[in-house]
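Architecture and fold: a report
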Amino acid sequence: MIREFQYRGETFRVNAHGVAGHEEVFIMHLVDGEEEGEISIDRMTEENDTSAPIDAICVMLCDKLIIENSIAVADPDGAFAWVEMKTQRDVLPTRDDWATH
């Protein structure tokens, strides 16, 4: 899953893969569309609440990233919210001729 979200007035992108509760989760802070900072957790090997939903993990990681990078957030009280984006593609396109290549 790759999605953008707002938290504390800032824009972040999450890249998470794996099964729920056991994902590798990467968070990037976006400023004017550019990646400014990153933090991650491997929920299979690092201590965490494996029953926590992905948005709670995003908030936890963002709070750490904000402190570590001394980010002056735009809205200290801003809640977590997924950014609605137009879906470009749900899955990768398939090719019928792959078997012949």
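Residues numbered from 1 in each chain as written. Predicted model: local features only at pLDDT ≥ 70, side-chain atom pairs only at ≥ 80, totals over all residues. Heavy atoms only, no water.

Sheet topology note: the strand β2 (residues 10–17)/strand β3 (residues 24–31) ladder contains seven bridges and is antiparallel. Bridging across to β3, H17 finds its partner in E24. In this antiparallel pair of consecutive strands, β2 and β3, the connection spans six residues, and G18 shows a positive phi of 125°. Across eight bridges, the pairing between β3 and strand β4 (residues 34–42) is antiparallel. Its bridge partner lying in β4, M28 is registered against E38. (Pairing = 2+ DSSP bridges. Helix = DSSP H or I, 4+ residues; strand = E, 2+ residues; numbered from the N terminus.)

What follows deals with the side chain of D42. Looking at where D42 falls in the secondary structure, it is placed in strand β4. Nearest to the buried, unbridged D42 among oppositely charged side chains is R43, at 8.3 Å. Of note is the side chain of D42, whose polar atom sits 2.9 Å from the backbone nitrogen of M44. (Buried < 20%, exposed > 50% of the residue type's maximum accessible area, 1.4 Å probe, protein only. Lys, Arg positive; Asp, Glu negative; His and termini not counted. Salt bridge = Lys/Arg side-chain N within 4 Å of Asp/Glu carboxyl O. Polar contact = N/O pair within 3.5 Å; in protein donor to acceptor, adjacent residues only side chain to side chain.)

Attention now goes to the environment of L30. Within the secondary structure, L30 is located in strand β3. Each C-alpha atom of the pair L30 and T11 lies 5.4 Å from the other, and the pair is 19 residues apart in sequence. The contact partners of L30, leaving out residues within four places of it in the chain, are E4, T11, F12, R13 and E35. (Contact = heavy atoms within 4.5 Å.)

Purely geometric stuff here, so don't read any function into it on its own.
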